[in-house]
Amino acid sequence: ESGSPSYLTSFRPVILRIPSSYQIVFGGRYLVDTVEHGIRISPWQAENIDLFSAQCSAQKWRIVRKGGLYAFHYSDDVSTKQAYKVLAFSDKLLGAYRANYNARALAGEQFILELPPFGDISSGNVTGLAIDTWKAFDDEVSAKIALAHELVHPFVNANVPKSDSLYAFAIEGFPSYFHLPALG
C-alpha cells in the first residue's frame, strides 16, 4: 500500500527477458545471461533486500568489469573512457567505506550505471549517475562528489521509519557527510 513501511524480501531468481541488444540490471546478484533467438535472458537473485531497493534498469549499455564492480555505460567513446575511471575511483572509495563504515553493507557485486538525465541514484547495490555527471567525471570534482555520495548510502543507512521527523536527515543527511572523510 502507498505509504506503508518497507520490509526485507527475497527474489530467487528474477528472470528478465529483453531484446539481446540491451543489458539489464535488477540488483542483487548477477547470474549468467544467455541469448536465445534474439532475446537476452537475464537471471538475478536478490536475497534479503529492502523492497524499496529493488529496481530494474535496461539500456543499450556496454559493460566494463573489475572484479565484482561493474560499470554499465553507453557505447560512445567518452562514456567508455569514463567507465574505466569510474571503476578505478569507485574501487578505492568502496575500500575506504568498507574499512571505516558498515563493512557488510555491500558484500558481493556493485553495479554503477550511466543513466539518462534524471539525476543520480542509489538503490541497494545499484548506483546510477546521470549522463552529464558520467561524462564530466574526469573534469569536474562535483561528479566525483556525486558518485561518492551515492556509493556511501548503504554504508551509513540508518533504519529510521518514514514517520520519524528525522527520516529525511537520516536518509540524505548522513550520506551528505560521510563520503567526505573518504574523499579527503
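Not measured: the values here are computed from a predicted model.

Student: I keep staring at the pattern of salt bridges and nothing clicks. Help me out?
Tutor: Side chains that differ in sign of charge can pair as their charged atoms come close. Scanning all chains against the criterion turns up 5 salt bridges. The partner of arginine 12 in a salt bridge is glutamate 47, with the nearest N and O atoms 3.4 Å apart. On the criterion of sequence distance, the pair formed by arginine 12 in strand S1 (residues 8-19) and glutamate 47 in strand S5 (residues 39-50) is long-range, its members being 35 residues apart. For glutamate 47, a relative accessible area of 34% gives the class partly exposed.

Student: Is there a simple way to think about helix H3 (residues 141-152) in this case?
Tutor: Between its terminal C-alpha atoms H3 stretches 17 Å, which fits the 16 Å expected from 12 residues at 1.5 Å a residue. Those residues of H3 that fall on the buried side of the exposure criterion are Ala143, Ala146, Leu147, Ala148, His149, Glu150, Leu151 and Val152.

Student: What's the story with the packing of aromatic side chains in this structure? I'm lost.
Tutor: Any aromatic ring pair is given by two values, namely how distant the centres are and how the planes are angled relative to each other. Going through the model one piece at a time under the given rule, you end up with 17 aromatic pairs. Note on tyrosine 30 and tyrosine 70: the rings are 5.6 Å apart at their centroids and 85° apart in plane angle, and the pair reads as edge-to-face. Pair noted here: tyrosine 30 is in strand S3 (residues 29-30) and tyrosine 70 is in strand S8 (residues 69-73), with a separation of 40 residues, a long-range link. Residue classification places tyrosine 30 among the buried residues on the basis of a relative accessible area of 16%. Judged by centre distance (6.2 Å) and plane angle (80°), the ring pair of phenylalanine 174 and phenylalanine 178 falls under edge-to-face. Separated by 4 residues within a single helix, phenylalanine 174 and phenylalanine 178 lie in helix H4 (residues 167-183), roughly one turn from each other. Judged by its relative accessible area of 27%, phenylalanine 174 is partly exposed. Owing to a relative accessible area of 28%, phenylalanine 178 belongs among the partly exposed residues under this scheme. Taken together through their ring pairs, the aromatic side chains of Tyr97, Tyr101, Phe155, Phe169, Phe174, Tyr177 and Phe178 make up a single cluster. The cationic tip of lysine 144 hangs over the ring face of phenylalanine 137; the distance from NZ or CZ to the ring centre is 4.7 Å.

Student: How should I be thinking about the sheet that holds strand S10 (residues 121-123) in this particular structure?
Tutor: Note on sheets: strands pair through backbone hydrogen bonds, and any given pair is parallel or antiparallel. Read across the open sheet, the 5 strands follow the order S7-S8-S9-S11-S10; overall the sheet is mixed. Since the sheet does not close on itself, it has two edges, and those belong to strand S7 (62-66) and S10, each with one partner. Geometrically, the sheet is characterised by an average inter-axis angle of 15° between neighbouring strands, direction not taken into account. Two strands pair when backbone bridges link them, and S10 and strand S11 (residues 126-130) are joined in this way by 3 bridges, in the antiparallel orientation. For serine 123, the partnering residue across the bridge sits in S11 and is valine 126. Packed on one face of the sheet, helix H1 (residues 77-100) meets S7, S8 and strand S9 (110-115) and runs near 150° to S8. Strands in contact with H3 are S9, S10 and S11; relative to S11, the strand with the most contacts, it is inclined by about 155°.

Student: When you look at the packing of H3 against H4 in this model, what are you seeing that I'm missing?
Tutor: Relative orientation and spacing of two packed helices are given, respectively, by the angle between their axes and the distance between those axes. At a minimum axis separation of 8 Å, H3 and H4 run at an interaxial angle of 115°. Once H3 is placed against H4, the crossing between them reads as right-handed. Contacts from Ile145, Ala148, His149 and Val152 of H3 reach H4 at Glu172, Pro175, Ser176, Phe178, His179 and Leu183. Broken down by class, the residue content of the contact of H3 with H4 amounts to 6 nonpolar, 3 polar and 1 charged.

Reading the values: rules and limits
- As a convention, each chain's residues are numbered from 1 in the sequence order in which they are written.
- Only residues with pLDDT of at least 70 are given local features in this predicted model, and only at 80 or more are side-chain atom pairs given and counted; all residues enter the totals for whole chains, interfaces and linings.
- The basis for the side-chain values is all heavy atoms of the structure; hydrogens and waters are excluded.
- By definition here, a salt bridge exists when the distance from a side-chain nitrogen of Lys or Arg to a carboxyl oxygen of Asp or Glu is within 4 Å.
- The numbering of helices and of strands both runs from the N terminus, where a helix is a DSSP run of H or I of at least 4 residues and a strand a run of E of at least 2.
- Under the scheme applied here, a residue whose accessible area is under 20% of the maximum for its type counts as buried, over 50% as exposed, and between as partly exposed, the area being computed with a 1.4 Å probe on protein chains only.
- Expected span of a helix, by definition, is 1.5 Å for each gap between consecutive residues, and there is one gap fewer than residues.
- For Phe, Tyr and Trp, where Trp contributes only its six-membered ring, two rings pair if their centres lie within 6.5 Å, and the inter-plane angle classes them as stacked under 30 degrees, edge-to-face over 60, or tilted in between.
- Both a distance and an angle decide whether a charge sits over a ring: NZ of Lys or CZ of Arg must be within 6 Å of the ring centre and within 35 degrees of the ring normal.
- Each pair of strands is called paired provided DSSP finds at least two bridges between the two strands.
- Axis lines are fitted to C-alpha atoms, over the contacting stretch for helices. Their N-to-C directions set the angle, which ranges from 0 to 180 degrees.
- By definition in these notes, contact holds between two residues if any of their heavy atoms fall within 4.5 Å.
- Handedness of a helix crossing follows the sense of rotation of the near helix relative to the far helix, less than a right angle counterclockwise being left-handed and clockwise being right-handed.
- Nonpolar residues are Ala, Val, Leu, Ile, Met, Phe, Trp, Tyr, Cys and Pro. Charged residues are Asp, Glu, Lys and Arg, and all others, Gly as well, are polar.

On their own, these measurements won't tell you what the molecule is for.
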